[in-house]
Amino acid sequence: MRLLNLLKIATKAIVLNKTRTLLTMLGIIIGVASVIAMLAIGEGSKESIRSTISSMGSNMITIRPGTDVRGGVRQERSAMETLKLKDYLALKKEATLLTYISPLVNGGGQVINGSNNWPSTIYGVNQDYLEIKITELQSGSMFTDAEVQSASKVALIGQTVVDNIFPNGQDPIGQMIRFNNIPFTVIGVLEEKGENTFGQDQDDVVIAPYTTVQKRILAIDFLESIVASAVSEEEAPQAVIQVSEIMRSQHKLAETAEDDFNVRSMEELISTFSSTSEMLTVLLVAIASISLLIGGIGIMNITYVSVKERTKEIGLRMAVGARGSDILMQFLIEAILISITGGVLGVMLGLGATVFIEKFLNWPTSVALYSIVISFIVCAVTGIFFGWYPAKKAAALDPITALRYE
């Protein structure tokens with residue numbers, strides 16, 4: 001029998017048993033839909049993480065103090081004072097793969113305006129900081145290099161700080177506020193950025209010259225970290241190497257000595273979070289794939305029942321000249337059609353579930369074409385794998401025995 005005739009026979013057999021066929025497909029439909037939805041959630045979370053970190057400065061490189069052992073006790077990074085202003089100046093002069101660079105010191109405290117106050121964090125930086133963090137000014141202006149050198153008491157504030165210490169809609173520009181009782185003149189308001197993926201409010205900040213924060217707030221002469229921006233995202237790994245070499249030279253470290261600093265790029269952070277997300281996605285897909293296995297077992301059982309029910313039909317076809325391979329193909333095509341049709345319905349359900357998750361649960365999703373392609377391949381393989389045994393049994397029937405079957 002020709003392939004077209006086999007397809008017609010298989011399709012007719014499926015149509016005649018609609019309810020049973022639909023119940024057989026159910027496991028495949030749920031399995032495919034689950035796999036597509038889980039992969040969409042995983043891809044969406046990776047894209048969301050990359051987007052969030054990129055919004056913080058995809059080219060950003062951070063240099064922090066390393067840990068050290070003193071008296072047998074490993075010290076925290078916050079207790080280390082290995083970063084100095086001369087390190088920043090050396091990097092600014094020698095690092096050719098950096099476009100912007102800024103010292104960074106920070107401390108927590110209370111921001112006060114009259115009777116209104118709000119707990120926040122003050123960041124001491126230079127005028128490159130906004131470029132590194134990809135942050136715009138909503139109003140006002142950035143402080144100048146002269147104001148940094150003179151440790152001027154000027155500040156930029158985020159929208160969360162504005163909302164809490166200027167609740168009546170007063171224009172903050174030019175107003176005097178206090179941070180831990182140190183007076184600052186507000187010269188700028190940062191553009192609103194909202195919360196990042198990690199739940200951190202990016203607008204709850206006060207930004208001032210690092211010299212001012214060092215001398216008047218923290219009373220320190222070292223840097224807590226240095227932030228910089230590589231010339232491009234592609235050059236970031238090479239920039240990390242260059243920064244490390246300059247820092248080792250500055251700190252006069254022997255060739256075998258450990259670094260007393262840490263250099264990290266955003267690419268490393270993206271990679272870390274993406275790998276975690278991928279592990280969770282694999283776990284979810286593995287769980288969802290159990291439905292495909294159950295669906296495959298259902299196909300095998302129903303195909304086996306169909307063979308039993310149509311034993312006389314098989315015997316009659318063999319008696320009029322059908323070969324064993326024709327019978328094998330007939331039932332195998334039925335199994336594959338059930339599996340593929342279930343896959344199509346599963347893809348439609350999975351895409352619908354993805355839209356529902358994104359619109360009503362507000363979870364980031366991204367449907368990848370490969371997830372649909374893989375689903376179809378898996379469906380075809382499932383149909384062949386689980387339909388083969390009962391189809392083989394049908395092909396091996398003796399025509400005379402099959403015709404006498406009751």
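Thresholds applied
- Residues numbered from 1 in each chain as written.
- Predicted model: local features only at pLDDT ≥ 70, side-chain atom pairs only at ≥ 80, totals over all residues.
- Heavy atoms only, no water.
- Helix = DSSP H or I, 4+ residues; strand = E, 2+ residues; numbered from the N terminus.
- Buried < 20%, exposed > 50% of the residue type's maximum accessible area, 1.4 Å probe, protein only.
- Contact = heavy atoms within 4.5 Å.
- Areas by Shrake-Rupley, 256 points an atom, 1.4 Å probe, with all protein chains shown as cover.
- Salt bridge = Lys/Arg side-chain N within 4 Å of Asp/Glu carboxyl O.
- Axes fitted to C-alpha atoms, helices over the stretch in contact; angles between N-to-C directions.
- Parallel < 35°, antiparallel > 145°, perpendicular 65-115°, else oblique.
- Left-handed = near helix turned anticlockwise from the far one by under 90°.
- Nonpolar A, V, L, I, M, F, W, Y, C, P; charged D, E, K, R; others polar.
- Polar contact = N/O pair within 3.5 Å; in protein donor to acceptor, adjacent residues only side chain to side chain.
- Phe/Tyr/Trp six-rings, centres within 6.5 Å; stacked < 30°, edge-to-face > 60°.
- Pairing = 2+ DSSP bridges.
- Core = buried A, V, L, I, M, F, W, Y, C linked by side-chain atoms within 4.5 Å.
- Patch = residues over 30% accessible without salt bridge, like charges linked within 9 Å, V, L, I, M, F, W, Y side chains within 5 Å.
- Lys, Arg positive; Asp, Glu negative; His and termini not counted.
- Charge placed at Lys NZ, Arg CZ, Asp CG, Glu CD.
- pLDDT = per-residue confidence, 0-100.

1. Describing the overall build of the protein chain
Assigned secondary structure in the protein chain consists of 13 helices and 12 strands. Split into buried and exposed, the 406 residues of the protein chain put 46% on the buried side. Partitioning the contacts of the protein chain with sequence separation of at least 6, the portion at a separation of at least 24 is 77%. Surface exposure of the protein chain reaches about 20,700 Å², of which carbon and sulfur atoms provide 58%.

2. Quick look at the pattern of salt bridges
A complete count under the given rule lists one salt bridge for this structure. Here arginine 248 makes a salt bridge to aspartate 259, at a shortest N to O gap of 2.3 Å. Highlighted residues: arginine 248 in helix α8 (residues 236–250) and aspartate 259 in the loop between α8 and β12 (261–265), separated in sequence by 11 residues. Classification of aspartate 259 by relative accessible area gives partly exposed; the value is 33%.

3. Quick notes on the packing of helix α11 (residues 324–360) against helix α12 (residues 369–395)
The geometry of α11 relative to α12 is characterised by a closest axis approach of 7 Å and an angle of 150° between their N-to-C directions. Of the possible angle classes, the one that applies to α11 and α12 is roughly antiparallel. For the pair α11 and α12, the crossing hand works out as right-handed. Grouping the constituent residues of the contact of α11 with α12 by class yields 19 nonpolar, six polar and one charged.

4. What to know about the side chain of threonine 82
Note on placement: threonine 82 falls in the loop between β3 (73–74) and α3 (85–94). A distance of 3.2 Å separates a polar atom in the side chain of threonine 82 from the backbone oxygen of aspartate 260.

5. Examining the side chain of threonine 211
In this fold, threonine 211 is placed in helix α7 (residues 210–218). On the accessibility criterion, threonine 211 (10% relative accessible area) is buried. Within polar-contact distance, the side chain of threonine 211 engages the backbone oxygen of valine 148 at 2.4 Å. Residues within four places of threonine 211 in sequence aside, it is in contact with Val148 and Ala151.

6. Some remarks on α7
Within α7 the residues assigned to the buried category are Tyr210, Thr211, Thr212, Val213, Gln214 and Ile217. One or two residues past the end of α7 sits alanine 219, with phi positive at roughly 55°.

7. What to know about the packing of aromatic side chains
All chains considered together, the criterion is met by two aromatic pairs. Taken together, a centroid distance of 6.4 Å and an interplanar angle of 65° make the contact between tyrosine 88 and tyrosine 210 edge-to-face. Here tyrosine 210 lies in helix α7 and tyrosine 88 lies in helix α3, a separation of 122 residues in the sequence. With respect to burial, tyrosine 88 and tyrosine 210 carry one shared label: buried.

8. What to know about the pairing of strand β8 (residues 176–179)
Judged by which residues are buried, β8 turns out to be one-sided: Ile177 and Phe179 face inward and are buried, whereas Met176 and Arg178, on the alternate face, are not. For β8 and strand β9 (residues 182–190), the ladder comprises four bridges, and the chain directions are antiparallel. Opposite methionine 176, over in β9, you have threonine 185 as the bridge partner. As consecutive antiparallel partners, β8 and β9 are separated by two residues, and within that stretch asparagine 180 has a phi angle of approximately 50°, a positive value.

9. Some points on the nonpolar core
Judged by nonpolar contacts, the single largest core of 59 residues is most densely connected at Ile63, Ile157 and Ile207. Discounting chain neighbours no more than four positions away, the residues touching isoleucine 207 are Tyr123, Val125, Tyr129, Leu130, Phe143, Val154, Ala155, Leu156 and Leu190. Ranked by size, the runner-up nonpolar core spans 20 residues in total, among them Met25, Ile28, Ile41 and Ile338.

10. Some points on a negative patch on the surface
Side chains of Glu131, Glu136, Asp163, Glu191 and Glu192 sit close together on the surface and give a patch of like negative charge. Summarising the element assignment, glutamate 191 is placed in the loop between β9 and β10 (205–209). According to the relative accessible area criterion, glutamate 191 is partly exposed, its value standing at 39%.

11. Looking at the environment of threonine 135
With respect to the secondary-structure elements, threonine 135 resides in the loop between α4 (129–132) and β6 (137–140). Along the backbone, threonine 135 and leucine 190 are 55 residues apart, and their C-alpha atoms lie at a distance of 7.3 Å. Leave out the neighbours within four places in its chain, and threonine 135 touches Leu130, Leu190 and Lys193. A distance of 3.3 Å separates a polar atom in the side chain of threonine 135 from the backbone oxygen of lysine 133.

12. Here's the deal with the confidence of the model for the protein chain
For the protein chain, the average pLDDT comes to 82, and 86% of its residues sit at 70 or higher. Residue range residues 69–75 is modelled with pLDDT below 50. Its contacts to residues more than four positions away, or to other chains, number 10 contacts.

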